[in-house]
Amino acid sequence: MKQPDFQDLILFEDDDYIVINKPPFLATLDERVGGAPNILRMARQYHSDMQACHRLDKETSGALALAKNPEAYRHLSMQFENREVKKNYHAVAWGVHHFDNKLVDRSIETTTKGKARLAYKGKAAETYFTTLETFAKHTLVQCVPITGRMHQIRLHLMYLQAPIVNDTLYGGEEFFLSSLKKKFNMKSGEEEQPFIKRFALHAAKLTFARLNGEEVTVEAPYPKDFRVLVENMRQLK
């Protein structure tokens, strides 16, 4: 994957904060092994004091906030800690579902090897789900997490029997266009590839308070893979 130009990712910028539209397949911070490019390293080439105020999973795209100075970092970190930041995600889930601000209140605990699970003795986790659009076999879901547990949206959608497309870790199967398109022809000798190469989750909107108390809302457009997935599902209703 070609590394993007950091400036091209910027959706919002002032003296204290930058909000970018994070591409999929780029980690927010350094990973445990290797020296692969990541968002924070790219951001510090743009502004040396940059810090990430939260993180998105490597495969998740969308709105990600970074602070340019320690005061701004503390200010926004406290908002995350106090659950004052409004986060709005979109996911393409398996199955046709009609959620109307449905609350899932199921605790989560982390396990080994970067996985989490629903567990009675885990940390409290709450997410609200609303159906945005239904397709032949799938649903575009708005997800509003109140807490920020590891893999929270993915686990809560699995609990609702609406796992995210291509989220094989939590029950979501890969999606192949041939499953919906009757006249889908492959070239001889070719093997059909999954339509999207990651789990279909996008951080669509982020709302927080700047240092002066003014509230700012930043919306992140869908990246190409997510947008084309939704467009194809619309056509094949």
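For the structure, check the block above.
Heads up: these notes are all about the structure in this document. (Residues numbered from 1 in each chain as written. Predicted model: local features only at pLDDT ≥ 70, side-chain atom pairs only at ≥ 80, totals over all residues. Heavy atoms only, no water.)

With respect to the packing of aromatic side chains
In the structure shown here, the tally under the stated rule is 6 aromatic pairs. For the ring pair Phe99 and Phe129, a centre distance of 6.4 Å and an interplane angle of 55 degrees mean the geometry is tilted. Of this pair, Phe99 sits in the loop between strand S5 (86-94) and strand S6 (102-105) while Phe129 sits in strand S9 (residues 126-134), and the two are 30 residues apart along the sequence. With a centroid separation of 4.5 Å and 55 degrees between ring planes, the pair formed by Tyr222 and Phe226 is classed as tilted. For Tyr222, a relative accessible area of 24% corresponds to the partly exposed category. Residue Phe226 is classed as buried on the basis of its relative accessible area, which comes to 0%. Cation over ring: Arg154 sits above Phe199, and NZ or CZ is 3.9 Å from the ring centre. (Phe/Tyr/Trp six-rings, centres within 6.5 Å; stacked < 30°, edge-to-face > 60°. Helix = DSSP H or I, 4+ residues; strand = E, 2+ residues; numbered from the N terminus. Buried < 20%, exposed > 50% of the residue type's maximum accessible area, 1.4 Å probe, protein only. Lys NZ or Arg CZ within 6 Å of the ring centre and 35° of its normal.)

Quick word on the environment of Leu103
Mapped onto the elements of the fold, Leu103 is located in strand S6. Between the C-alpha atom of Leu103 and that of Val144, which follows or precedes it by 41 residues, the distance is 9.4 Å. Setting aside anything within four residues of it in sequence, one finds Leu103 in contact with Glu126, Thr127 and Tyr128. (Contact = heavy atoms within 4.5 Å.)

Overview of the nonpolar core
Membership of the largest hydrophobic core comes to 45 residues, with the highest contact counts inside it found for Phe6, Leu66, Val92, Phe129 and Leu157. For this core, the leading source of residues is S5, giving 5 residues. Beyond its immediate sequence surroundings of up to four residues, Leu157 is in contact with Ala91, Phe129, Val141, Cys143, Ala162, Pro163 and Ile164. Counting 16 residues, the second largest nonpolar core, distinct from the first, contains Ala67, Leu76, Leu206 and Val218. (Core = buried A, V, L, I, M, F, W, Y, C linked by side-chain atoms within 4.5 Å.)

Some remarks on the environment of Lys224
Examined against the element boundaries, Lys224 turns out to sit in helix H5 (residues 224-235). For the pair Lys224 and Glu81, spaced 143 residues apart in the sequence, the C-alpha separation amounts to 32 Å.

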